[in-house]
Amino acid sequence: MKAVSPAAVERGLFTLPRGRLVFCPDPTQAEGDLFERAITGAAVAQLWHAPQSLVVPASYKRFAQLAQVSQQFADAGCPVFLRKSGGGLVPQGPGIINLSLAYPLARTLGDAAEGVYQQLCGLLIHALENLGVTTGLQAVAGSFCDGRFNLACGKGSAARKIAGTAQYWHAIPRQTDDGPRRHVVLAHAVLLVDCDLALAHRYANQFEAALGSGRDYQASKTVSVAQMLPASETEVWNKVIDALTEHITKERIFT
């Protein structure tokens, strides 16, 4: 495990200890390494991508057909992964970049959750702005895993989701009782860069239909970075990685 720079820790800056971009065959295991580093006091980040798949929360265990349907989708080339956290179904696959931030925080969830989201979304907003893509925070009804800390292009009924966000808190083990409770915050964003939105929604809607969940997602409520740029734009994937990397390494830990 590559060590995090002591100077970066001292300045409270985020680092990318595993490099600019990593591939994670199992998206539910992508952040474990970050948690271990953040326990030591580091502010760490990772850009990562995963194979064509669906990630669903533990609440989906209530569907009796989950195991059978998941196996059918795995056999069809779209494995289903079960995560411990809440929220809704999230697609993964080619053309989707994930950003994960991990850092220690001695505040309460109720006090700090909105600030955690604001920092994560602000980083994405500024990076996309550099590419000429204007975004803002907005819920987008009909999109997957909808929430008020979506990143969207457009406003009102014309808004289309370009990124979804989430955060998870884990108590740091072996703490004493003589100070504020400390946690590691894992803040995560899923950015639609240059993906096949129709395919992602087809898998997602077929999966929900097979479970009988009643959920339906609209591809028209989402948009990719590539779709927001001129058709002549090339190397979109690499340009997004460059922009995100630049802003990550200038970002200071949220306190």
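Computed from a predicted model, the values in this text were never measured in an experiment.

1. With respect to the pairing of strand β10 (residues 183–192)
The buried count for β10 comes to 10 of 10 residues, which makes it a mostly enclosed element. Burial along β10 is two-sided: the residues His183, Val185, Ala187, Ala189 and Leu191 and Val184, Leu186, His188, Val190 and Leu192 are all buried. In the sheet, strand β9 (residues 160–171) pairs with β10 via 9 bridges, with the strands oriented antiparallel. Residue pairing in the sheet places glycine 164 in a bridge with valine 190 of β10.

2. Details of the pairing of strand β3 (residues 53–57)
Along β3, 5 of the 5 residues are buried, which leaves the element largely enclosed by surrounding structure. Here β3 pairs with strand β5 (residues 90–92) via 3 bridges, running antiparallel. Of the residues in β5, the one forming a bridge with serine 53 is glutamine 92. Judged from the 4 bridges that link them, β3 and strand β4 (residues 80–83) form a sheet pairing that is parallel. Looking at β4, one finds that leucine 54 is bridged to valine 80.

3. Notes on the packing of helix α3 (residues 66–75) against helix α5 (residues 197–211)
For the pair α3 and α5, the least separation of the axes is 10 Å and the interaxial angle reads 150°. In terms of their interaxial angle, α3 and α5 are classed as roughly antiparallel. Of the two possible hands of crossing, α3 and α5 adopt the one that is right-handed. Between α3, through Leu66, Val69, Ser70 and Phe73, and α5, the contact on the second element is made entirely by Tyr203, Gln206, Phe207, Ala210 and Leu211. For the contact of α3 with α5, a count of residues per class yields 7 nonpolar, 2 polar and no charged.

4. Quick look at the layout of surface pockets
Space inside the largest pocket adds up to approximately 660 Å³. As for the largest pocket, its lining consists of 28 residues, of which Thr28, Glu31, Arg83, Ser85 and Tyr168 are closest to the centre. Every element with two or more residues in the lining of the largest pocket is listed here: α2 (32–39), β4, β5, β9 and β10. Element by element, the count of residues in the lining of the largest pocket is highest for β9, at 6 residues. Among the residues making up the lining of the largest pocket, the classes are represented as 14 nonpolar, 9 polar and 5 charged. For the second largest pocket, the calculated volume is near 200 Å³.

5. Notes on the packing of aromatic side chains
Using the criterion set out here, one finds 6 aromatic pairs in the structure. When the centroid spacing of 4.5 Å and the interplanar angle of 10° are considered together, the rings of tyrosine 117 and phenylalanine 149 count as stacked. Note that tyrosine 117 is positioned in helix α4 (residues 109–130) and phenylalanine 149 in the loop between β7 (136–137) and β8 (151–153), a separation of 32 residues in sequence. In this structure tyrosine 117 comes out as buried when scored by relative accessible area, which is 17%. Owing to a relative accessible area of 10%, phenylalanine 149 belongs among the buried residues under this scheme. In textbook terms, an aromatic cluster arises when at least three aromatic residues are bridged by ring pairs, as seen for Tyr60, Phe63, Phe73, Tyr203 and Phe207. Above the ring of phenylalanine 144, the side-chain terminus of lysine 161 is found at 4.4 Å from the ring centroid.

What counts, and at which threshold
- Residues numbered from 1 in each chain as written.
- Predicted model: local features only at pLDDT ≥ 70, side-chain atom pairs only at ≥ 80, totals over all residues.
- Heavy atoms only, no water.
- Buried < 20%, exposed > 50% of the residue type's maximum accessible area, 1.4 Å probe, protein only.
- Helix = DSSP H or I, 4+ residues; strand = E, 2+ residues; numbered from the N terminus.
- Pairing = 2+ DSSP bridges.
- Axes fitted to C-alpha atoms, helices over the stretch in contact; angles between N-to-C directions.
- Parallel < 35°, antiparallel > 145°, perpendicular 65-115°, else oblique.
- Left-handed = near helix turned anticlockwise from the far one by under 90°.
- Contact = heavy atoms within 4.5 Å.
- Nonpolar A, V, L, I, M, F, W, Y, C, P; charged D, E, K, R; others polar.
- 1 Å grid on protein atoms, 1.4 Å probe; cavity = no way out; pocket = protein on both sides within 12 Å on 5 of 7 lines; lining within 4 Å.
- Points joined across faces, edges and corners; volume = space filled by probe spheres on them.
- Phe/Tyr/Trp six-rings, centres within 6.5 Å; stacked < 30°, edge-to-face > 60°.
- Lys NZ or Arg CZ within 6 Å of the ring centre and 35° of its normal.

Geometric values such as these leave the question of function open.
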